[in-house]
Amino acid sequence: MRHFTSLEDVSDINKLIKKSLEVKKDPFQCTGLGKNKTIGLVFFNSSLRTRMSITRAATNLGLSVITLNVNSDSWKLEFEDGTVMDGASAEHIREAVPILCSYCELLAVRSFPSLINQEEDYSERVLMSFIEHGNVPIINMESATVHPLQSLADVVTILEYQRTHKPKVVMTWGPHIQALPQAVSNSFAQWANAMEYDFVITHPKGLDLDRRFVGEASVEHDQEKALEGADFVYVKNWSSYQDYGKVMSDKSWQMTLEKLKLTNNARLMHCLPVRRNVVISDDALDSEHSIIIPQAENRLYTTQAVIQQILLNL
Amino acid sequence: MRHFTSLEDVSDINKLIKKSLEVKKDPFQCTGLGKNKTIGLVFFNSSLRTRMSITRAATNLGLSVITLNVNSDSWKLEFEDGTVMDGASAEHIREAVPILCSYCELLAVRSFPSLINQEEDYSERVLMSFIEHGNVPIINMESATVHPLQSLADVVTILEYQRTHKPKVVMTWGPHIQALPQAVSNSFAQWANAMEYDFVITHPKGLDLDRRFVGEASVEHDQEKALEGADFVYVKNWSSYQDYGKVMSDKSWQMTLEKLKLTNNARLMHCLPVRRNVVISDDALDSEHSIIIPQAENRLYTTQAVIQQILLNL
Amino acid sequence: MRHFTSLEDVSDINKLIKKSLEVKKDPFQCTGLGKNKTIGLVFFNSSLRTRMSITRAATNLGLSVITLNVNSDSWKLEFEDGTVMDGASAEHIREAVPILCSYCELLAVRSFPSLINQEEDYSERVLMSFIEHGNVPIINMESATVHPLQSLADVVTILEYQRTHKPKVVMTWGPHIQALPQAVSNSFAQWANAMEYDFVITHPKGLDLDRRFVGEASVEHDQEKALEGADFVYVKNWSSYQDYGKVMSDKSWQMTLEKLKLTNNARLMHCLPVRRNVVISDDALDSEHSIIIPQAENRLYTTQAVIQQILLNL
């Protein structure tokens, strides 16, 4: 594995899961691996879990960390080729990326979609610019269309809690007040399809995700029917893919303790941040169903496993 | 000592002072103590001294440091229970704190009061949320009502400069143009009362601090009378506690070299930042009375002593 | 060398260049040199290359790094003496600098000019305040009038690529849409004059730089004539020094591949960030003439050489 931009970069998903669990058992096995090396964390967007967990993961491996908040520390970057740069952007990605690469042995990038231009977002222009113009490994800290560090933590968490060989995993849309990316949902669908799950996606009509990510998953528009017998319920809001970026807010889709009773005593998952009593009710979040905190904790170990594998391949 | 949220967490104040002076003599005695551990610095508000001194103190102990500026790096957090989160806050403290705790062995928090809702501020809602929902030691980097890292540095500085067994220490209100918290003043009063000082608080009428912090201190409304015979003059502005958050700006209370002449050649102290020629005049700040810079320098050693003791108890 | 504020602090420029090339060959020769020491990076302005390269350079030397973004992490500082601080500034530089010095063994400062008050800018008020009120070495990360870390990287880069003993080096003004400082141009002129270059500055009339920096350089107002026989073309915009801060935008001065054909197959240089197709055309930037990326990479090694030499003198 050179880059970690999506599931497609992972040659052996089970090996990566196993490595994550090893890291969790002993995070300080490889404290010398990153010696004299630096990872640059390039944030085009806000972050809490990702920022903290990747910093800690890098530190556990002896890597130095330089964080660049592009918008506040630096200036607007231009991604369009051939443009006359007489607007807001002061530097072109064609210069910025090679230079970041000459100061850092690894780069990690967070860049959300515009949710305005679907084609541009789904071409992963920002992330791909780092690959194209750079010469160091690139780690995706959530891009326009996927969030593989989250998905790896998700499948590791399911493995830790699953009681059957082939659990029923239901990803359900939840209401929200803002236009959110499809990245976490796309990515979870992609990874779930690669696992031995009975995988169901449920959402109101008109909220279909990109078929490339949905793959062979079952799609069910009746939430209650989807939840029947579920071992895991993964709640996530996303804005419309078809009517691109449109906010759909059907409050009846909020996850509640009442709905969780329809499941096979399912574990409740969410990538966070979660708006309480909008996406998921307090009674569900504060119930014994919830494995949201351990799910987030796993972000640390899985990220460390990813960096560790990349460092070993350098 | 598990947490360091106020004087009440300190079982032996003299031991902590002694430890601070030991750290000052040799800050590199325990460079391995923080090995493989990380302190997360969570800032809800701006900082210069606290940010720099705690980072340096942690580094001297071999701790890794992750700084989170909540407002710019992340998103607004919700502290109210049971609320429908359809407003500005994207994440609840009930999720944020346990997760920060899973990435960091220690957390330090800075959160100023609103100065609007006295009851909420004086309940220390933000700081207490970290204690309630977390499972790691919490260090107070200035909360709504107290600033114990400052106060510890203050009493250590007084010890270094005192010429008598029981010095007269006068905390005097100074004018300001903005509504400032009562935290530094409350906290200094609390710590001063625990020391063998002849402790006097002087301020215009209507600016009484919360009685819980004033304790047995003498309160004097005639500033000149209060300054007579003082060995230490601690200047600080605070907004009204009774008429909560109201700015009172009586320029005649500005500390000057002229007024310092009324004292027993007193040392001049201030927690900084200080607005020159508003709170204290240039001639006082630039006189030999001032020990403001060594007072600020002590922030480093006292903070290191606090972290050191917490690490030893982990 | 105690401080590194401009060329005037450098006693032996050739030794510093040689040291930079040694660092480039092996950046990990002195990983213990900064042990138990911290460099404070004080940014009054945005930065990408400088921020990243100095952080990495310090890390390579085993220094700890504390970054302070004055405007976002802290509050506005006052530089004027004797003022009544009842405005936006909450802390005076007379307090801030000594305190930063008590937490850090070295400080680096970035502070751009106002481009409004020439006298104030050219007195280097901010940078000089750090020297005046501090007691640790100060490194200039670009001040109102010079950017010596950039210039050192520039002369090292020229040395690496020069094919003759005395190369013809042309610094040409390029158009821009905003008022940019003269610092990079001043500084490059100053350093170029200290090297064995045939050094020519070309710019439209009315854009003369301060004579103290131009020194003995040839000044030519015909860009094409200046470019004839050039071995190195250094492009840079600056706003007017005489009509202080005025933006002059003569698009005909844009550097293009066509113009580079007039040269002796010159290397193209720029300090970055560069607005493509405003200052320099795509075809020039993407041509084999460009050594802009290696020039920026050298920022790392030259900065490390500077810090290394300062640490050795501590």
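Our structure's up above, just so we're on the same page.
Residue numbers restart at each chain and count upward from 1, following the sequence in its written direction. For naming, the first written chain is A and the first written ligand is 1, with later ones following in the order written. For this predicted model, a pLDDT threshold of at least 70 governs which residues receive local features, and a threshold of 80 or more governs which side-chain atom pairs are given and counted, while totals over whole chains, interfaces and linings are taken from all residues. Heavy atoms from the whole structure form the basis of all side-chain values; hydrogens and water molecules are not counted.

## Here we look at the overall build of chain A
Secondary structure follows DSSP: runs of H or I at least 4 residues long count as helices, runs of E at least 2 residues long count as strands, and numbering of each begins at the N terminus. Per the secondary structure count, chain A includes 13 helices and eleven strands. The reference for a compact globule is 2.2 Å times residues^0.38; the radius of gyration itself is calculated from the C-alpha atoms. Its C-alpha atoms give chain A a radius of gyration of 19 Å, near enough to 20 Å, the size a compact globule of 314 residues would have. Projected onto its principal axes, the C-alpha positions of chain A cover 55 × 50 × 30 Å. Burial status follows relative accessibility: with a 1.4 Å probe on protein chains alone, a residue under 20% of its type maximum counts as buried, one over 50% as exposed, and anything between as partly exposed. Here chain A holds 314 residues, and the buried ones make up 63% of them. Working rule for contacts: check all heavy atoms of both residues, and any pair within 4.5 Å makes them a contact. At a minimum sequence separation of 6, the contacts of chain A that also span at least 24 residues come to 79%. Entry remark: accessible area of chain A is about 11,100 Å², with carbon and sulfur atoms responsible for 46%. Between the mean site of the 31 positive side-chain charges and the mean site of the 39 negative ones, chain A shows a separation of 5 Å. Methods summary: accessible areas were calculated by the Shrake-Rupley approach with a probe of 1.4 Å, and residue burial reflects only the protein chains presented. Asp and Glu count as negative and Lys and Arg as positive, but His and the ends of the chain are not part of the count. The location of each charge is read from NZ of Lys, CZ of Arg, CG of Asp or CD of Glu.

## Remarks on the pattern of salt bridges
Just to be clear on terms, a salt bridge is a Lys or Arg side-chain nitrogen sitting within 4 Å of an Asp or Glu carboxyl oxygen. Considering all chains together, one arrives at 44 salt bridges over all chains under this definition. Of the charged contacts, one joins A:Arg276 and B:Glu95 as a salt bridge, the two residues approaching to 2.7 Å between their closest N and O atoms. Here A:Arg276, found in the loop between β11 (267-269) and α12 (282-285), pairs with B:Glu95, found in helix α4 (residues 93-103), and the two come from separate chains. For the residue pair A:Arg276 and B:Glu95, the accessibility class agrees, reading buried in each case. Across the pair C:Glu220 and C:Lys225 runs a salt bridge, and its minimum N-O distance is 4.0 Å. Look at C:Glu220 and you get partly exposed, because its relative accessible area is 22%. Of the residues examined, C:Lys225 reaches a relative accessible area of 49% and is grouped as partly exposed. Sharing partners across several salt bridges, the network here consists of A:Glu95, C:Arg276, C:Asp282 and C:Asp286.

## Topic: the interface of chain C and chain B
Tallying the contact residues gives 30 residues for chain C and 29 residues for chain B. Between chain C and chain B lies a buried interface of about 2,700 Å² when both sides are counted; carbon and sulfur atoms form 61% of it. Counting across the chain C and chain B interface gives four salt bridges. Between B:Arg56 and C:Glu105 there is a salt bridge; the shortest N-O distance is 2.8 Å. What qualifies as a polar contact is a pair of N or O atoms within 3.5 Å, subject to a donor-acceptor requirement within protein and to the restriction that residues adjacent in sequence count only when both atoms come from side chains. Counting across the chain C and chain B interface gives 14 residue pairs in polar contact (both at pLDDT 80 or more). Where the side of chain C that touches chain B is concerned, the elements lending two or more residues are β2 (64-69), α3 (70-73), β4 (91-92) and α4 (93-103) of chain C. Once two parts are joined, some of their accessible surface, as seen by a 1.4 Å probe, is lost; buried area is that loss totalled over both.

## Points about the packing of aromatic side chains
What counts as a ring pair is set by centres within 6.5 Å for rings of Phe, Tyr and Trp (its six-membered ring), and what kind of pair is set by the plane angle: stacked under 30 degrees, edge-to-face over 60, tilted for all other angles. Counted by the stated rule, this structure contains 25 aromatic pairs over all chains. Centre to centre, the rings of A:Tyr122 and A:Tyr244 are 6.2 Å apart; their planes meet at 75 degrees, and the pair counts as edge-to-face. Residue A:Tyr122 is located in helix α5 (residues 118-122), and its partner A:Tyr244 is located in the loop between β10 (232-236) and α11 (257-260); the two are separated by 122 residues in the primary sequence. Exposure class is identical for A:Tyr122 and A:Tyr244. Each is buried. Chaining the aromatic ring pairs together yields one cluster made of A:Phe44, A:Phe79 and A:Phe130. Criterion for a charge above a ring: Arg CZ or Lys NZ at most 6 Å from the ring centre, at most 35 degrees from the ring normal. The ring of B:Phe43 carries the charged tip of B:Arg51 above its face, separated from the ring centre by 4.3 Å.

## With respect to the relation of the copies chain A and chain B
Copy one and copy two of the chain differ by a rotation about a common axis and a shift along it. What sets the superposition is a least-squares fit of C-alpha atoms, and only residues with pLDDT of at least 70 in both copies go into it. You can overlay chain A on chain B at an RMSD of 0.0 Å; the transform is a turn of 120 degrees with a shift of 0.0 Å along its axis. Put plainly, the chains are arranged around a three-fold axis. Residue A:Ser72 of chain A places its C-alpha closer to the rotation axis than any other residue of that unit, at 4.9 Å.

## Topic: a negative patch on the surface
Residues qualify for a patch when their relative accessible area is over 30% and they have no salt bridge, like charges being joined within 9 Å and the nonpolar side chains of Val, Leu, Ile, Met, Phe, Trp and Tyr within 5 Å. A surface patch of like charges, here negative, comprises A:Asp222, A:Glu224, A:Glu228, A:Glu258 and A:Asp283. Structurally, the position occupied by A:Asp222 is in the loop between β9 (218-220) and α10 (223-227).

## A few points about the interface of chain A and chain B
Each side of the interface is counted separately: chain A has 29 residues, and chain B has 30 residues. For the pair chain A and chain B, the interface holds four salt bridges. In this structure, B:Asp73 engages A:Arg51 in a salt bridge whose closest nitrogen and oxygen atoms are separated by 3.8 Å. Remark: the boundary between chain A and chain B carries 14 residue pairs in polar contact (both at pLDDT 80 or more). Looking at the side of chain A that touches chain B, the elements with two or more residues in it are α2 (49-60), α12 and α13 (292-313) of chain A. Tallying contributions element by element places α2(A) first for the side of chain A that touches chain B, with seven residues. Residue classes follow a fixed rule: Ala, Val, Leu, Ile, Met, Phe, Trp, Tyr, Cys and Pro count as nonpolar, while Asp, Glu, Lys and Arg count as charged, and any other residue, Gly among them, counts as polar. Taken together, the residues of the side of chain A that touches chain B break down into twelve nonpolar, eight polar and nine charged.

## Section: empty space enclosed by the protein
Both cavities and pockets are sets of points on a 1 Å grid over the protein atoms alone; in a cavity a 1.4 Å probe fits but cannot get out, in a pocket the set is open with protein on both sides within 12 Å along at least five of seven lines, and lining residues sit with an atom within 4 Å of a point. Grid points are joined across faces, edges and corners, and a volume is the space filled by probe spheres set on the points. Applying the stated criterion across every chain, the model contains one cavity of 30 Å³ or more. Taken as a whole, the largest cavity spans an internal volume of roughly 30 Å³.

## Observations concerning helix α1 (residues 13-25) of chain A
All names here are of chain A. The end-to-end C-alpha distance of α1, which contains 13 residues, comes to 19 Å, matching closely the 18 Å that a straight helix rising 1.5 Å per residue would cover. If you follow the buried residues of α1, they end up packed against α7 (148-161), α8 (183-194) and α13. Put simply, Asp 12 is the residue that caps the front of α1, since its side-chain oxygen is 3.1 Å from the backbone nitrogen of Asn 14. Under the convention used throughout, the expected extent of a helix is 1.5 Å for every residue step, that is, one less than its residue count.

Purely geometric numbers; function is a separate question.
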